[in-house]
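# What the coordinates show
Chain residues, written in single-letter form:
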Amino acid sequence: MTKDSQRLALDNRLGRQGMAAEEVLRALRGVVPNPAFLHEPEFAGRERAYILDCIDTGWVSSVGAYVDRFERDLAAFTGSPFAVATTNGTAALHLCLHLLGVRAGDEVIIPALTFVATANAVAYTGATCHFADIDATTLGIDAGQLEHALREVARVERGVCFNRQTGRPIRALVCVHTFGHPADLDALKAVCAPWGIALVEDAAESLGSYYKGKHTGTLAPLAALSFNGNKIITTGGGGAILTQDAELARRAKHLSTTAKVPHRWEYVHDEIGFNYRLPNINAALGCAQLEQIERFLADKRNLATRYASAFAHVHGVRLFTEANFARSNYWLNALLLEDAADLPPLLEACAAAGYGARPAWRLLHRLAMYKECPRMDLRTAEDVAARLINLPSSAVLGRK
Ligand SMILES: *Cc1c(COP(=O)(O)O)cnc(C)c1O
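Computed from a predicted structure; not experimentally measured.

Turning next to the site of the ligand. The local shell around the ligand holds 15 residues, among which G89, T90, E205, S226 and K231 are the closest. Here an oxygen atom of the ligand and a backbone polar atom of G89 are 2.7 Å apart. Side-chain polar atom of D202 to a nitrogen atom of the ligand: 2.7 Å apart, as the coordinates give it. Burial of the ligand by the protein chains amounts to 93% of its free accessible area of 380 Å². For the shell around the ligand, the secondary structure elements donating two or more residues are α4 (89-99) and α5 (116-124). By residue class, the composition of the shell around the ligand is 4 nonpolar, 8 polar and 3 charged.

Quick look at the structure:
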């Protein structure tokens, strides 16, 4: 290429990029006319009444009727036999891994594309993360690639899966339902089972999302939910463990309350527990929020539908939509750009116009503290992360 033709090619690209950002912004404005945050909570129900009730009765802390009710309501909504409320989603995930027996020296497979909390929960147990690639149709771990990678590096010895390269046992796999979109759980289960790898669902983003008709978080023995301020419903900060196993539920509750043996006055703890129990005042907020979840979900689905049609005619972009086996809560809408070079100018344009849009999380193997972790070929995660932008997704933006 001559200097001039190089410059021409560059000018063309810049020109086209500018067009793309402008066009995307125009389509975004068509759906969301005014500046908007990425995700905002909404308190339009009985939040105030329930919280005042906690204050008036004095039951604000780790014991109270709202915690019990919130757990019952969560179990009923998700169809999970048991729900145990925790201080946050990270704590729930940490406890899930601890309950499965994940300890220092183990390895846990997690996707490279997820919020940092998934990796942190693994690190809290003393185990090492092992990063897996994602599937472009679900944004969850790619079962086919996983199987291929396990065949390359793993071996089973007396029922335990070992990483031959590190010598460490691969104890568990945490699948993430990214932005609310269910991972392909049947495929992941089929890969994990013969290797003896336990499955945990990080359902922090997927309250109200279903896999083949079943609520996410009810398909693995243990799952974690989050009720952080930016999630589908919020308790301020909060989380929960879902399980079908009465004994695991009992252990989760015991360990999350400092492993205190129930007694009217004695303080006896029978193992090293955690202070992970959700306070009653947070649960009160959760009860009021859960009463409104069907409306939040309907609004969010409506917003996703509007985005999908607004972007259908914009060249070079596509709204990420649910897989055919899934019903997504559309927690965060994600737009995929054909050309990664369009992402920086689009982020600029959105920020300048006051829209809370953001790129995918920095891939975990690119964070300083996780860069030495073992990993599989991560080409799809790299590709998707370079081309993805999350758009404002609060339920209120989709209200009819
Ligand atoms: C939010 C989130 C968590 C952690 O939940 P917190 O309540 O913020 O601790 C874990 N995993 C994923 C994928 C999340 O989005």
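There is more to say after this.
Attention now moves to the domain arrangement of the protein. One widely used convention gives an interface's size as the accessible area the parts lose upon coming together. Each domain of the protein was delimited in the assignment, giving domain 1 (13-40 + 293-399) and domain 2 (47-290). Each of domain 1 and domain 2 has a C-alpha centre, and these two points are 26 Å apart. Listed per partner, the contact involves 40 residues of domain 1 and 51 residues of domain 2. Buried surface at the junction of domain 1 and domain 2, both sides included, amounts to about 3,800 Å², of which 71% is carbon and sulfur. Contact with domain 2 buries surface across domain 1, with F325, W361 and M376 losing the most and accounting together for 21% of the total. Counting across the domain 1 and domain 2 interface gives 0 salt bridges. At the junction of domain 1 with domain 2, the criterion picks out 20 residue pairs in polar contact (both at pLDDT 80 or more).

This next bit is on the sheet that holds strand β15 (residues 358-359). Read from one edge to the other, the open sheet built from 4 strands follows the order β12-β14-β16-β15, with strand pairing classed as antiparallel. Unpaired on one side and paired on the other, β12 (317-319) and β15 mark the two borders of the sheet. Sheet analysis places β12 next to strand β14 (residues 333-337), joined by 3 bridges and oriented antiparallel. Each residue of the ladder has a partner; that of R318, found in β14, is L336. Strands in contact with helix α11 (residues 343-352) are β14, β15 and β16 (388-391); relative to β16, the strand with the most contacts, it is inclined by about 15 degrees. Running over the sheet, helix α12 (residues 379-387) touches β14 and β16 and is turned about 50 degrees from β16.

Time to look at the environment of D142. By secondary structure assignment, the location of D142 is in the loop between β3 (128-132) and α6 (143-153). Sequence separation of D142 and L397 is 255 residues, and the distance between their C-alpha atoms is 32 Å. In terms of polar contacts, D142 uses its side chain to reach the backbone amide nitrogen of Q145, at 3.1 Å.

Where α4 meets α5, the axes come as close as 8 Å, and the angle between the chain directions of the two elements is 45 degrees. Accordingly, the angle class assigned to the pair α4 and α5 is oblique. When the axes of α4 and α5 are compared, the crossing they make is right-handed. Contacts from T90, L93, H94 and L97 of α4 reach α5 at A117, T118, A121, V122 and Y124. Within the contact of α4 with α5, the residues separate by chemical class into 6 nonpolar, 3 polar and no charged.

A separate point is unusual backbone geometry. If you check the backbone angles, L139 has positive phi at about 70 degrees while not being a glycine. Relative to the helices and strands, L139 is located in the loop between β3 and α6. Phi at R158 takes a positive value of approximately 45 degrees, unusual for a residue other than glycine. Following the sequence through the fold, R158 ends up in the loop between β4 (154-157) and β5 (160-163).

Moving on, we come to empty space enclosed by the protein. Tallied over the entire structure, the rule returns 2 cavities of 30 Å³ or more. What the largest cavity holds in volume is close to 90 Å³. Lining the largest cavity are 15 residues, and of these H39, E40, P41, E42 and I232 lie nearest its centre. Of the residues in the lining of the largest cavity, the class split is 6 nonpolar, 5 polar and 4 charged. Of the domains in this structure, domain 1 (13-40 + 293-399) and domain 2 (47-290) are the two that each give at least three residues to the lining of the largest cavity.

What counts, and at which threshold
- Here the residue index of a chain counts from 1 through its sequence in written order.
- In keeping with the predicted nature of the model, local features appear solely for residues at pLDDT of at least 70, side-chain atom pairs appear and are counted solely at 80 or more, and the whole-chain, interface and lining totals rest on all residues.
- Remark: hydrogens and water are excluded; side-chain values derive from all non-hydrogen atoms of the structure.
- Being near a molecule or strand, for a residue, comes down to having at least one heavy atom within 4 Å of it.
- Pairs of N or O atoms are called polar contacts if they sit within 3.5 Å, as long as, within protein, a hydrogen donor faces a hydrogen acceptor (for residues adjacent in sequence, only side-chain-to-side-chain pairs).
- Per-residue and other accessible areas were derived by the Shrake-Rupley procedure at a 1.4 Å probe size, with only the shown protein chains allowed to occlude residues.
- Secondary structure is summarised from DSSP: a helix means a run of H or I of at least four residues, a strand means a run of E of at least two, and numbering begins at the N terminus for each.
- Throughout, the ten residues Ala, Val, Leu, Ile, Met, Phe, Trp, Tyr, Cys and Pro are labelled nonpolar, Asp, Glu, Lys and Arg are labelled charged, and all others, Gly among them, are labelled polar.
- Note that the domain bounds reflect an automated or database-derived domain assignment.
- We call two residues in contact whenever any of their non-hydrogen atoms come within 4.5 Å of each other.
- Buried surface area refers to the total accessible area, computed with a probe of radius 1.4 Å, that the two partners give up upon joining, counted for both partners together.
- Whenever a carboxyl oxygen of Asp or Glu lies within 4 Å of a side-chain nitrogen of Lys or Arg, that contact is scored as a salt bridge.
- Strands are labelled as partners when DSSP assigns at least two bridges between them.
- For helices, the fitted axis covers only the stretch in contact; all axes are lines through C-alpha atoms, and the angles between them, taken along N-to-C directions, range from 0 to 180 degrees.
- When describing relative orientation, an angle under 35 degrees is termed roughly parallel and one over 145 degrees roughly antiparallel, while 65 to 115 degrees is termed roughly perpendicular and anything else oblique.
- Each helix crossing is assigned a hand: it is left-handed if the near helix lies turned anticlockwise from the far helix by less than a right angle, otherwise right-handed if that turn is clockwise.
- Using a grid of 1 Å spacing that covers the protein atoms alone, one calls a set of points a cavity when a 1.4 Å probe fits there but cannot get out, and a pocket when the set is open and has protein on both sides within 12 Å along at least five of seven lines; lining residues are those with an atom within 4 Å of a point.
- Grid points are joined across faces, edges and corners, and a volume is the space filled by probe spheres set on the points.

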